[in-house]
Amino acid sequence: MREAVGMEPLIITCAPVGAEVMPEQTPYLPITPQALGETAAAIRAAGASIIHVHCRNDDGTNTHAVERFAQAQAAIRTKSDLIVQFSTGGAIGMNAQERAGVLELRPEMASLTCGTVNFGDGIFENPFPLMRALAQRMNELGVRPELEIFDKGHLANARRLAREGVLSLPQHVDFVLGVPGALEATVQNLCDLVDDLPTGCTWSVAGIGRGQLPMAVAAIAMGGHVRVGLEDNIYFSKGRLARNEELVERVARIAREAGRDVASPNEARSMLGIPKC
Ligand code: KMH
Ligand code: ZN
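The structure contained in this document is the topic of the report that follows.

What counts and what doesn't
Residues numbered from 1 in each chain as written. Chains lettered and ligands numbered in written order. Predicted model: local features only at pLDDT ≥ 70, side-chain atom pairs only at ≥ 80, totals over all residues. Heavy atoms only, no water. Helix = DSSP H or I, 4+ residues; strand = E, 2+ residues; numbered from the N terminus. Areas by Shrake-Rupley, 256 points an atom, 1.4 Å probe, with all protein chains shown as cover. Lys, Arg positive; Asp, Glu negative; His and termini not counted. Charge placed at Lys NZ, Arg CZ, Asp CG, Glu CD. Donors = N, O, S within 2.8 Å, 3.2 Å for Na, K, Ca; no water. Buried < 20%, exposed > 50% of the residue type's maximum accessible area, 1.4 Å probe, protein only. Salt bridge = Lys/Arg side-chain N within 4 Å of Asp/Glu carboxyl O. Disulfide = S-S within 2.5 Å. Pairing = 2+ DSSP bridges. Axes fitted to C-alpha atoms, helices over the stretch in contact; angles between N-to-C directions. Contact = heavy atoms within 4.5 Å. Core = buried A, V, L, I, M, F, W, Y, C linked by side-chain atoms within 4.5 Å. Near = heavy atom within 4 Å. Polar contact = N/O pair within 3.5 Å; in protein donor to acceptor, adjacent residues only side chain to side chain. Expected span 1.5 Å × (residues − 1).

### Observations regarding the overall build of the protein chain
What the protein chain contains, in helices and strands, is nine helices and 14 strands. Along the first, second and third principal axes, the C-alpha atoms of the protein chain reach 45 × 40 × 40 Å. When the accessible surface of the protein chain is summed, it comes to about 11300 Å², and 51% of that surface belongs to carbon and sulfur atoms. In the protein chain, 26 side chains carry a positive charge and 32 a negative one; their mean positions are 3 Å apart.

Here it is as structure tokens:
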């Protein structure tokens with residue numbers, strides 16, 4: 001582990017809405033494309049460089065409709081220079097066509113979950129044929145994958161996809177820790193995953209619920225990157241609901257106080273090998 005001074009600037013990803021949190025739980029979810037655009041401007045000002053996008057219908061229910069993602073992409077682009085990363089995970093139960101369809105809009109990045117996992121009482125299904133299809137379409141369209149790793153075996157699955165030739169390595173990896181049914185959000189688990197990373201991969205961590213802040217602090221110290229946002233955690237502190245920009249701003253402040261700069265979107269693009277916009 002290197003000293004904070006001299007580490008790469010911190011890339012902060014914000015996942016502002018997700019598929020599972022409902023408007024009854026918090027008033028701060030960006031539901032419409034316009035709200036996603038406003039959120040993009042606010043989180044950019046707070047220090048984010050990547051936005052991880054899910055979409056909702058006007059009534060707050062989840063949707064993976066290509067048209068809605070196109071509107072969100074346009075709104076985010078109008079309001080910010082953030083790296084736009086679409087979810088291909090969608091929501092539990094979504095079929096492969098729905099999940100893959102949004103890639104046709106050629107976002108700069110898209111998530112690629114690298115294995116099936118328990119997800120609360122449900123199962124987030126990611127069999128190899130689906131992973132291959134998503135990875136291949138990303139290759140064809142020039143979309144950079146972010147490998148979503150919910151469990152340790154998912155890194156082995158990514159290496160298998162690479163051996164098969166459908167995924168090039170290294171890539172940017174996001175460890176999602178603390179989902180009920182998957183790997184817990186502990187510093188030991190994070191260290192084990194980082195030790196097992198394919199050579200040259202950059203990494204971030206998304207801690208779920210109360211794991212969000214401790215995982216962010218650990219990543220800042222370890223030289224990794226951080227994802228925050230209401231998709232993963234709706235609280236700023238016990239009993240106090242968060243706004244997305246507050247979660248980003250807190251991580252940026254802690255990083256700077258620890259001697260680590262915060263990356264702009266174009267700095268993040270150059271660190272991740274994505275062409276500047
Ligand atoms: N909503 C989860 C079941 C992703 O965006 O790629 C999956 C998810 C992962 O959110
Ligand atoms: Zn997501």
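### Details of the coordination of the zinc ion (ligand 2)
For a metal bound by four donors in tetrahedral geometry, the ideal donor-metal-donor angle is 109.5 degrees, whereas six donors in octahedral geometry ideally sit at 90 or 180 degrees. Donor atoms from the polypeptide that bind the zinc ion (ligand 2) are His-52 (NE2), His-54 (NE2) and Glu-231 (OE), placed at 2.1 to 2.2 Å. In the primary sequence, the donor residues of the zinc ion (ligand 2) line up as H-x1-H-x176-E. Residue His-52 is located in strand β2 (residues 50-53), and its partner Glu-231 is located in the loop between β12 (225-228) and β13 (235-237); the two are separated by 179 residues in the primary sequence. The same class applies to His-52 and to Glu-231, which are both buried.

### Section: the pattern of salt bridges
Throughout the structure, instances matching the rule amount to 16 salt bridges. Taken together, the shared-partner salt bridges connect Glu-148, Asp-174, Arg-227, Glu-231 and Asp-232 into one network.

### Considerations on the state of the cysteines
The full count for this structure, using the stated rule, is zero disulfides. Left unpaired, Cys-14 is separated from the closest cysteine sulfur, that of Cys-55, by 14 Å. The buried category is assigned to Cys-14, whose relative accessible area is 0%. We note that Cys-114 lacks a disulfide partner, and the nearest cysteine sulfur, in Cys-201, lies 9.8 Å from it.

### Remarks on the sheet that holds strand β10 (residues 172-177)
Pairing in this closed barrel of eight strands is parallel, and the strands run β1-β2-β5-β6-β9-β10-β11-β12 around the ring. Ignoring which end each strand starts from, the neighbouring axes of this sheet average 30 degrees apart. Relative to β12, strand β11 (residues 202-207) runs parallel, the two being bridged by three bridges. Of the residues in β12, the one forming a bridge with Val-205 is Val-226. Packed on one face of the sheet, helix α2 (residues 66-79) meets β2 and β5 (83-86) and runs near 165 degrees to β5. Along the sheet face, helix α6 (residues 187-195) touches β9 (144-149), β10 and β11 and points at about 155 degrees away from the line of β10.

### Some words on the nonpolar core
Judged by nonpolar contacts, the single largest core of 68 residues is most densely connected at Val-53, Phe-175, Leu-190 and Trp-203. The greatest single-element share of this core, amounting to seven residues, is contributed by helix α4 (residues 128-141). Filtering out sequence-adjacent residues up to four positions away, Val-53 remains in contact with Leu-36, Phe-69, Ile-76, Val-84, Gln-85, Phe-86 and Ser-87. Listed in part, the nine residues of the second largest apolar core include Ile-50, Ala-268, Leu-272 and Ile-274.

### A closer look at the site of ligand 1
Around ligand 1, the neighbouring residues are Glu-20, His-52, His-54, Ser-87, Gly-89, Gly-90, Ser-111, Thr-113, Phe-119, Phe-124 and Glu-231. Separating a nitrogen atom of ligand 1 from a side-chain N or O atom of Glu-20 is a distance of 2.7 Å. In this structure, Gly-90 approaches ligand 1 through a main-chain N or O atom, which is 2.8 Å from a nitrogen atom. Starting from 300 Å² of accessible surface for ligand 1 in isolation, the protein chains cover 97%.

### Considering helix α5 (residues 153-164)
The first and last C-alpha atoms of α5 sit 17 Å apart over twelve residues, in line with the 16 Å expected at 1.5 Å per residue. Next to the buried residues of α5 lie β7 (117-119), α4, β9, β10 and α6. Just beyond α5, the residue with positive phi is Gly-165, at close to 90 degrees.

### Here's the deal with the pairing of strand β6 (residues 109-113)
In terms of burial, β6 is a largely internal element, five of the five residues being buried. Along β6, one buried face is formed by Met-109, Ser-111 and Thr-113 and the opposite face, lined by Ala-110 and Leu-112, is buried too. Relative to β9, β6 runs parallel, the two sharing five bridges. Of the residues in β9, the one forming a bridge with Ser-111 is Glu-146.

### Section: the environment of Lys-276
Position of Lys-276 among the secondary structure elements: in the segment after α9 (265-272). Taking the C-alpha atoms as reference points, Lys-276 and Glu-140, separated by 136 residues in sequence, lie 20 Å from one another. Once you skip the residues sitting within four places of it in the chain, Lys-276 turns out to touch Asn-266, Arg-269 and Ser-270.

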